[in-house]
Amino acid sequence: MSVLEALRNNGFQTVDYAVFVVYIIILVGLGVFLSRGKKGEEKSSTDYFLAGNTLTWWAVGASLIAANISAEQFIGMSGSAFNSGIAMAAYELMAAATLLVVGKFLLPLMIEKKVFTIPQFLRDRYNDGVGLSFSIFWLFLYVFINLTSVAWLGALAIKQILGLPAIMGSMAGMQVDFTLLTIILILFLVAGLYSIYGGLASVAWTDVMQVTFLVGGGLITAYAALDVIGSELNIDGGAFGAFAEIYSHLGSIEGDKHFNLVVTRNTNIPNITDDPYFDIPGIVVIVGALWLTNLGYWGFNQYIIQKGLAAKSLDEAKKGMIFAAFLKILIPFIVCIPGVCAFYIMKGSYEGVPVIELLGDKLAGSIERSDDAYPYLIRNFTPVFVKGLSFAALAAAVISSLASMFNSTSTIFTMDIYKQYLNKNASEKKLVTVGRITSVCALVMALIAVYPIMGGADQAFQVIQEYSGFVYPGIVVIFGLGLLWKRASGAAAVVVAIGTFAFSILFKFLLPEVPFLLRMGYVFICLVVLFFGISFMSKNTRPSEEVPEKTKRTLFKWAHITLGFAVACLLLGSQCFFNEDLKNLGFEAFFFLSAMMFSLYIYLYNNAKDTVEDVKSIGIDIKIFKTDRAFNIGAAGVIIILVILYTILW
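Since the model is a prediction, treat every value here as computed from it, not as a measurement. (Residues numbered from 1 in each chain as written. Predicted model: local features only at pLDDT ≥ 70, side-chain atom pairs only at ≥ 80, totals over all residues. Heavy atoms only, no water.)

**Quick notes on the overall build of the chain**
Along the backbone of the chain there are 28 helices and six strands. Among the 650 residues that make up the chain, the fraction classed as buried is 60%. Partitioning the intrachain contacts of the chain with sequence separation of at least 6 by distance along the chain shows that 83% fall at a separation of at least 24. Split by element, the accessible area of the chain, about 25400 Å² in all, is 65% carbon and sulfur. Between the averaged position of the 44 positive side-chain charges in the chain and that of its 45 negative side-chain charges there is a distance of 13 Å. (Helix = DSSP H or I, 4+ residues; strand = E, 2+ residues; numbered from the N terminus. Buried < 20%, exposed > 50% of the residue type's maximum accessible area, 1.4 Å probe, protein only. Contact = heavy atoms within 4.5 Å. Areas by Shrake-Rupley, 256 points an atom, 1.4 Å probe, with all protein chains shown as cover. Lys, Arg positive; Asp, Glu negative; His and termini not counted. Charge placed at Lys NZ, Arg CZ, Asp CG, Glu CD.)

**Quick notes on the packing of aromatic side chains**
According to the stated counting rule, one finds 33 aromatic pairs in the structure shown. Aromatic pair phenylalanine 134 and phenylalanine 479: ring centres 6.1 Å apart, planes at 90°, arrangement edge-to-face. With phenylalanine 134 in helix H8 (residues 128-162) and phenylalanine 479 in helix H22 (residues 472-484), the pair connects residues that are 345 residues apart, well separated along the chain. We note that phenylalanine 134, like phenylalanine 479, is buried. Considering the side-chain rings of phenylalanine 300 and phenylalanine 479, the 4.9 Å spacing of their centres and the 25° angle between planes classify their relative orientation as stacked. With phenylalanine 300 in helix H14 (residues 290-300) and phenylalanine 479 in helix H22, this residue pair connects regions lying 179 residues apart in the sequence. Grouping residues by exposure puts phenylalanine 300 and phenylalanine 479 together as buried. (Phe/Tyr/Trp six-rings, centres within 6.5 Å; stacked < 30°, edge-to-face > 60°.)

**Re unusual backbone geometry**
A positive phi is found at asparagine 234, a non-glycine position, where the angle reads about 55°. Note that asparagine 234 resides in the loop between helix H10 (200-232) and helix H11 (238-252). Using a relative accessible area of 64% as the deciding quantity, one classes asparagine 234 as exposed.

**Examining a nonpolar patch on the surface**
Together, Val3, Ile167, Met171 and Phe178 make up an exposed nonpolar region whose accessible area comes to about 300 Å². Note that phenylalanine 178 resides in helix H9 (residues 178-198). With a relative accessible area of 31%, phenylalanine 178 lands in the partly exposed category. (Patch = residues over 30% accessible without salt bridge, like charges linked within 9 Å, V, L, I, M, F, W, Y side chains within 5 Å. Salt bridge = Lys/Arg side-chain N within 4 Å of Asp/Glu carboxyl O.)

**Overview of the pattern of salt bridges**
Counted according to the given criterion, the structure contains eight salt bridges. With its nearest N and O atoms 3.2 Å apart, the salt bridge here joins aspartate 416 to arginine 123. One end of the pair, aspartate 416, is in helix H19 (residues 386-422); the other, arginine 123, is in helix H7 (residues 118-125), and 293 residues separate them in sequence. For the pair aspartate 416 and arginine 123, a shared accessibility class is recorded, and that class is buried. Note that arginine 487 is salt-bridged to aspartate 610, the shortest N-O span being 2.6 Å. Placement of arginine 487 in the loop between H22 and helix H23 (490-510) and of aspartate 610 in the loop between helix H27 (589-609) and strand E6 (612-614) is noted, with a sequence separation of 123 residues between them. When its relative accessible area of 7% is taken as the criterion, arginine 487 is described as buried. Its relative accessible area of 18% is what places aspartate 610 among the buried residues.

**Points about the environment of asparagine 83**
Along the chain, asparagine 83 falls in helix H5 (residues 71-84). Note: C-alpha distance between asparagine 83 and valine 19 (64 residues apart in sequence) is 31 Å.

**Notes on a positive patch on the surface**
A cluster of basic side chains, namely Lys550, Arg553, Lys623 and Lys626, defines a positive patch on the protein surface. Counting through the fold element by element, lysine 550 comes out in helix H25 (residues 549-574).

**Brief notes about the nonpolar core**
One finds Tyr23, Phe74, Phe381, Ile399, Leu402 and Phe531 to be the most contacted residues of the largest nonpolar core, which totals 224 residues. Among the elements that take part in this core, helix H16 (residues 314-347) stands out by supplying 18 residues, more than any other. In this structure phenylalanine 74 touches Ile69, Leu214, Gly218, Ile334, Val335, Tyr374, Ala393, Leu394 and Ala397, once residues within four positions along its chain are discounted. Counting nine residues, the second-largest nonpolar core is a separate cluster that includes Phe49, Phe116, Met415 and Val432. (Core = buried A, V, L, I, M, F, W, Y, C linked by side-chain atoms within 4.5 Å.)

**Focus on H22**
Taking 1.5 Å per residue, 13 residues should reach 18 Å; H22 reaches 18 Å between its end C-alpha atoms and fits that length. Judged by how many residues are buried, H22 sits mostly within the fold: 13 of 13 residues are covered. (Expected span 1.5 Å × (residues − 1).)

**Here's the deal with the layout of surface pockets**
Gaps left between atoms are located by rolling a probe of water-molecule size over the structure's atoms. The space that makes up the largest pocket amounts to roughly 1800 Å³. For the largest pocket, the lining is made up of 45 residues, of which Val101, Lys104, Phe105, Met597 and Leu600 are closest to its centre. If you list the elements that add at least two residues to the lining of the largest pocket, you get helix H6 (90-112), helix H13 (284-287), H14, H22, helix H24 (516-537), H25, H27 and helix H28 (629-648). When residues in the lining of the largest pocket are grouped by element, the largest group, nine residues, is from H25. In terms of residue class, the lining of the largest pocket is made up of 35 nonpolar, five polar and five charged. (1 Å grid on protein atoms, 1.4 Å probe; cavity = no way out; pocket = protein on both sides within 12 Å on 5 of 7 lines; lining within 4 Å. Points joined across faces, edges and corners; volume = space filled by probe spheres on them. Nonpolar A, V, L, I, M, F, W, Y, C, P; charged D, E, K, R; others polar.)

**Observations concerning the packing of H8 against H19**
Across the interface, H8 lies against H19 with an axial gap of 10 Å and an inter-helix angle of 160°. When the axes of H8 and H19 are compared, the pair comes out roughly antiparallel. Judged by the sense of rotation from one axis to the other, the crossing of H8 with H19 is left-handed. A breakdown of the residues in the contact of H8 with H19 according to their chemical character gives 23 nonpolar, six polar and two charged. (Axes fitted to C-alpha atoms, helices over the stretch in contact; angles between N-to-C directions. Parallel < 35°, antiparallel > 145°, perpendicular 65-115°, else oblique. Left-handed = near helix turned anticlockwise from the far one by under 90°.)

**Brief notes about the environment of valine 102**
In this structure, valine 102 sits in helix H6. Between the alpha carbons of valine 102 and asparagine 294 there is a distance of 9.8 Å; along the sequence they are 192 residues apart. If near-sequence neighbours (up to four positions away) are discounted, valine 102 is found in contact with Leu107, Pro108, Trp298, Gly299, Ile305 and Met321.

**Quick word on the packing of H8 against H23**
Contact geometry for H8 and H23: axes closest at 10 Å, N-to-C directions at 30°. Considered as vectors, H8 and H23 are oriented roughly parallel to each other. Of the residues in H23, those touching H8 at Val130, Phe134 and Phe137 are Gly490, Ala493, Val494, Ala497 and Phe501. Of the residues contributing to the contact of H8 with H23, the split by class is seven nonpolar, one polar and no charged.

Below you can see the structure in the form of C-alpha cells.
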C-alpha cells in the first residue's frame, strides 16, 4: 500500500486533515509573530532564554504542562495504563502535589538568587567542576534521550494513527523505516521553525495555545471513545454508561487492578515482574521514591523550571505552579482512561461475549504491544472532526515538548559552557546567535541518533522512568541540600553525583525483583548518608552569621516536628517485617520517607545551631517561603481533590 492510499483509507476525512493543517499553520504563524522583538531592538540573552521575564501566571502554568506532556504520556503512559491500570496516574497526581512544594520552597530560592540555569546554580554553590559536569550531562540527556524518545514515540503514534506503511531501506548499515524518519524530521522542523528563532518567548506563549489543544483534545478523545463504545455495544447512558460498564466489568475480575490507584502485590502471580505491582508498587507512589522522580523533574530540570524562572515576578511564578497543578490533575483522565478502555476492548467481555468479537470487522489495526493502545483508540473510536482534533492534541504534545527541549539545550550550552569557558566577553547578540546555532545542532544530532538509540520497548514510559531514576536520587540530594543546608560541600556533591549512578546500577543487578521505585529509595538513603558524612568532615568552612533568635526558634520547632515524623515513619516501615499484608502494600516506602524527614531535621537543626558553614553557602531568609492567601487556597484545593480521588479509587 502506498502512503497516499493509506491516507485515503485510514478513516480520516478531509475535515480531520483540515483541522490538523489549520492547527500547524496557526502554531507556526503565532510562534513566528511572537518571536519578533521590539522594533529596532536586538534580543538580549534574557529575552531569548528567559522570555525577558515577562511570563504571566497562566503562561507559566500552561507552558509547564505543555512542555511536560508529550508522546511519553499520551503513548507511553496510556500504554502502561493498558498494561497495569490507572495506578499509572500516580505519576501525574503526585506531580500536582510536587508542584506545590516547588512553588513554595524551591522556586522562590532560585528566583531570589537570579538563577539562569540549573548548572549555573551548581557552579555558584559548589564549584566549576560540579557545574560543568552537570551541564554536559544535561546536554547529552536532552539531545540523546529526551529529544529522541519524544520524537520517536510521537512518530510511532502518528504512523499508526494514519495507518502509514513502513518504507524500509538501508542507511549507515542499518535497516531504517523511512516513513518514521520522515515524520520525525517533520516534527523537528515544525518545533524548530519558531522555537529556534524566537527563543523561550515563542515557546511559552505558543504553549498557551498548545495546552488548549492538548487538554481539550485529550478530554474530547476520551469522551468520544467511551461514547462510541457505548453506542456500538448498545449500552444505555452513552459515554458515562460505557465508563460505568467498564468500571464494573474490570472490577468484577478477581485480581484485576485496572481501577486501583494503589496496587497491592498479587501473590497469585508468582513472578513479580509480571505483576502491575512491579511497575507501580502500592503506597510507594504516595510516600515513597516517586517523590524523587517528581522533585528531580519539576524542581531541577532545566526545560521545566526555566518557565518558572521566566515569570515576571515571584508571585506570578507561584500562581503558575498552582495553575499547572490543577491542569496536572486532568492528565490521568486524558491518557490513562483511554489505555484502560483499550484493555477492555481487547480483553473484556459484554454480556458474556468478548468485546473484540462484538466489534468485529469495524476495527482497523491491532494492539501488538502496550504502547499501541492510544493510537489504536484514536483510529477506531473517534468520530470525524474529533479524530482531527485528537491528532492535533497529540501533535501539540510532541511539538511543544521538542520546542522546550531545543530552547533549554541552547540555554545550557550558551550560558554554562560557551559564555563561561569559551567567550566570557560575548555580546548579547553573540549569545543569542550561539543559542540558535546550538538548537540547530541539537536537532541534527538527535535526528541522526534517534534510530540507533530508540528501540521497541513494550512500555516506553516505564523504561524512561526507570532509567531517569538512576540520576534523580543524586539530583534531589545535591540540589535540595545545596539550596537549603549551609554545610553542604562541593566534595559531597561530587561523590554523590558519581554515587547515584554507581548505587543505581549496583542495586539494579543485586535486586532485580525489587520494583525500581523501591530501589530508588534505597539509593537515596545511601546517598543521604554519604552527603551528610562528607559534608560534616569537610574543612572548607567559614564562620556563619548568627541566626536571629526568632528564626532560630522557628527552625528548632520544625526540626523537632520532622524528627518526630522520621521516627514514626521508621516504625511504620519496620512493620513490613512482621506483617505480610503491609509488605505487599509497599510499607517499605516509609523507610524512604523516614530518611527524607531525618534529612530535613538535620538541615533545620544544623542551620539553627552550627556556627560554621561551607565557604560557598548561600544565605536563606525563611520569610521567602511565605505564601499569600491565593496560593494557600489553591494549594488546599489541589490537596482536597487528591484526597478525594485516592479515597474513591484506593
